[in-house]
Amino acid sequence: MDDCRILRDSFPQWGAAIPAPNLIVGGGGGGGHTVAYDKVGRARHIILNWNDGFNFRLNAELPEAIGRMSSLYILHMNDHRIYGSIPSTFGELHSLRELCLSGNNLSGPLPDALCRLTNLEILDLHDNDFSAPLPSEIGRLTKLTILRLNNNNITGSISRDIGRISGLQQLYLGHNRMEGEIPKSIGKLSKLELLQLQHNKLTGQIPTELGQIKCLKFLFLNSNRLIGELSDSMFSNFKHLEYLLLNRNQFSGNIPQSLLNLKQIQILLVNLHYGNLNFLIIQATITDDSITTTLTPCQERNFHFLSSWACSWGSKKSWFALKEQECLPSWLFLSTQSFLLTCFTPLITSLPNATVAAIA
């Protein structure tokens, strides 16, 4: 049976919407509605993303027959209503480079068979309902550059084998139910530019090995159960870091100087706990001539930003903290500069016992 027939038999509701081999031959495809075949009718690219040029929304399980498409290079079926589990036959797609099934209703554990796809470069399964721990042999996917499993219900710990995926550039594991400590091996991901681990139940301290990832631009560790002091050495190598979210954890101690020296940072959120006190540090967009800070309405335990505001000033780097207490730790000092009084007066007057400070 040729691959076109497999597709049409597997998804009869799509019918003639699936192009036949004589309509699209070879080529790289692209867009939201592409089925590309080689000259002998074997499917190479299947890109059928709902509402991206393809208006037939699938409400069915993934057929095992897709696993027989031995020449398949790209498989994208995002934002349908595909349910059930990923068939173990998908482990036979040894030519597969991209597997993207995000925004569906897939569930169950991620099959161990996926770890046989050793040529896989992109695995994107975010916004589904996968559960259970990550496959024990996920470290075999050594060619991955993007691993996106956020917004599921994945449990267990982050495997130490994650450090074997040396070419990984983006790792999304946020918004799951993962526990345990961040493995030290994550520091071996020297090409990593984005790390999202937010909104899990991760515990322990941030491993100092994380500071070895010099090209990191986006680091999201917020909303976990991380503890300990922030190491000065951890941030000294982050020359390209733009977004750093550490809030909603249980860090203690002082803000390390290396964190304050980050030159490319655009957004920084950190909570530090001093007994019952909870500090929120916010730094904003830096330009050549000024810094522009914008706070949008939010609530952070002891912090209540009741309205949006923005201000600009001429200094190259300033840091602001707002808390509902009268005393400040030693690394903060009070400022009575006119622009602070002007910009913060509406906010200060709306909060009882509120203090505003700047960190130079």
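Residues numbered from 1 in each chain as written. Predicted model: local features only at pLDDT ≥ 70, side-chain atom pairs only at ≥ 80, totals over all residues. Heavy atoms only, no water.

A.B. asks: I would appreciate a short explanation of the overall build of the chain in the present structure.
C.D. replies: Broken down by element type, the chain carries four helices and 28 strands. Across the 360 residues of the chain, 51% fall into the buried class. Sequence-distant contacts, at least 24 apart, represent 51% of the contacts inside the chain between residues at least 6 apart. A total accessible area of about 16,100 Å² is found for the chain, and carbon and sulfur atoms account for 46% of it. (Helix = DSSP H or I, 4+ residues; strand = E, 2+ residues; numbered from the N terminus. Buried < 20%, exposed > 50% of the residue type's maximum accessible area, 1.4 Å probe, protein only. Contact = heavy atoms within 4.5 Å. Areas by Shrake-Rupley, 256 points an atom, 1.4 Å probe, with all protein chains shown as cover.)

A.B. asks: Honestly, the environment of Ile162 in this entry has me stumped. Any pointers?
C.D. replies: You can see Ile162 is positioned in the loop between strand E10 (153-154) and strand E11 (170-172). For the pair Ile162 and Lys184, spaced 22 residues apart in the sequence, the C-alpha separation amounts to 9.9 Å.

A.B. asks: Looking at this structure, how should I read helix H1 (residues 3-10)?
C.D. replies: Each α-helix winds once per 3.6 residues, and so residues spaced three or four apart point in a common direction. Inspection of H1 places Asp3, Cys4, Ile6, Leu7 and Ser10 among the buried residues, and these make up the whole buried set. One side of H1 carries all its buried residues, which in axial view fall inside an arc of 160°. The N-capping residue of H1, defined by a side-chain oxygen 2.7 Å from the backbone nitrogen of Arg5, is Asp2. (Arc of directions from axis to C-beta. Polar contact = N/O pair within 3.5 Å; in protein donor to acceptor, adjacent residues only side chain to side chain.)

A.B. asks: What's the story with the pairing of strand E2 (residues 43-48) in this structure? I'm lost.
C.D. replies: Along any regular strand, the residues point their side chains to alternate faces of the sheet. With respect to burial, E2 is a largely interior element, five of its six residues being buried. As paired strands, E2 and strand E3 (residues 74-76) are joined by three bridges and run parallel to one another. Counterpart to Ile47 in the pairing with E3 is His76. (Pairing = 2+ DSSP bridges.)

A.B. asks: Explain the sheet that holds strand E4 (residues 83-84) to me, please; I cannot follow it from the model alone.
C.D. replies: Across a sheet, paired strands are connected by hydrogen bonds in the backbone, their directions being either parallel or antiparallel. Strand order in the open sheet made by the four strands is E4-E6-E8-E10, with parallel pairing throughout. Two strands bound the open sheet, and with one partner strand each, they are E4 and E10. Bridge count between E4 and strand E6 (residues 105-108): two bridges; the pairing is parallel. By the bridge assignment for E6, Gly84 is matched with Leu106.

A.B. asks: Help me understand unusual backbone geometry in this model?
C.D. replies: Residues apart from glycine generally show negative phi values, whereas peptide bonds are mostly found in trans. Even without being a glycine, Asn151 presents a positive backbone phi close to 60°. Structurally, Asn151 is set in the loop between strand E9 (146-148) and E10. One non-glycine residue, Ser223, lies in positive phi territory at about 60°. Inspection of the secondary structure assignment puts Ser223 in the loop between strand E15 (218-220) and strand E16 (225-229). By relative accessible area, Ser223 is classed as buried at 13%.

A.B. asks: Can you help me understand the pattern of salt bridges in this one?
C.D. replies: Opposite charge on two side chains makes pairing possible when the charged atoms of those side chains draw close. Here the structure, examined in full by the defined rule, presents four salt bridges. We note a salt bridge from Glu121 to Arg97, for which the minimum N-O separation is 4.0 Å. You can see Glu121 sitting in the loop between E6 and strand E7 (122-124) and its partner Arg97 sitting in the loop between E4 and strand E5 (98-100), a full 24 residues away along the chain. The class for Glu121 is partly exposed, based on a relative accessible area of 33%. Put simply, Glu137 and Arg140 hold a salt bridge, and the shortest N to O gap is 3.4 Å. (Salt bridge = Lys/Arg side-chain N within 4 Å of Asp/Glu carboxyl O.)

A.B. asks: I tried to follow the pairing of strand E8 (residues 129-132) on my own but got confused; where do I start?
C.D. replies: Judged from the two bridges that link them, E6 and E8 form a sheet pairing that is parallel. When the sheet's bridge partners are listed, Ser107 is paired in E8 with Asp129. Sheet topology places E8 next to E10; two bridges connect them, and they run parallel. Each residue of the ladder has a partner; that of Ser131, found in E10, is Asn153.

A.B. asks: I'm lost on the packing of aromatic side chains in this one. Help?
C.D. replies: Pairs of aromatic rings are described using the distance from one ring centre to the other and the angle between the two planes. The tally for this structure, following the rule as stated, stands at two aromatic pairs. Aromatic side chains Phe235 and Phe238 sit 6.0 Å apart centroid to centroid with 75° between the ring planes, which places their arrangement in the edge-to-face category. By relative accessible area, which is 2% here, Phe238 ends up buried. Over the ring of Trp50 we find Arg57, and its NZ or CZ is 3.8 Å from the ring centre. The ring of Tyr172 carries the charged tip of Arg148 above its face, separated from the ring centre by 4.5 Å. (Phe/Tyr/Trp six-rings, centres within 6.5 Å; stacked < 30°, edge-to-face > 60°. Lys NZ or Arg CZ within 6 Å of the ring centre and 35° of its normal.)

A.B. asks: It is not clear to me how the confidence of the model for the chain should be interpreted in this structure. Could you clarify?
C.D. replies: Close reading of the predicted structure is inappropriate where its pLDDT is low. In the predicted model, the chain carries a mean pLDDT of 75, and 67% of its residues have values of at least 70. Every residue in residues 274-280 is under pLDDT 50, and counting partners more than four places away or in other chains gives 34 contacts. (pLDDT = per-residue confidence, 0-100.)

A.B. asks: Is there a simple way to explain the side chain of Ser71 in this structure?
C.D. replies: As for its placement among the helices and strands, Ser71 is situated in the loop between E2 and E3. Exposure remark for Ser71: the relative accessible area of 10% places this residue in the buried category. Apart from the residues within four sequence positions on either side, Ser71 is in contact with Arg42, Ala43, Arg44 and Ser95.

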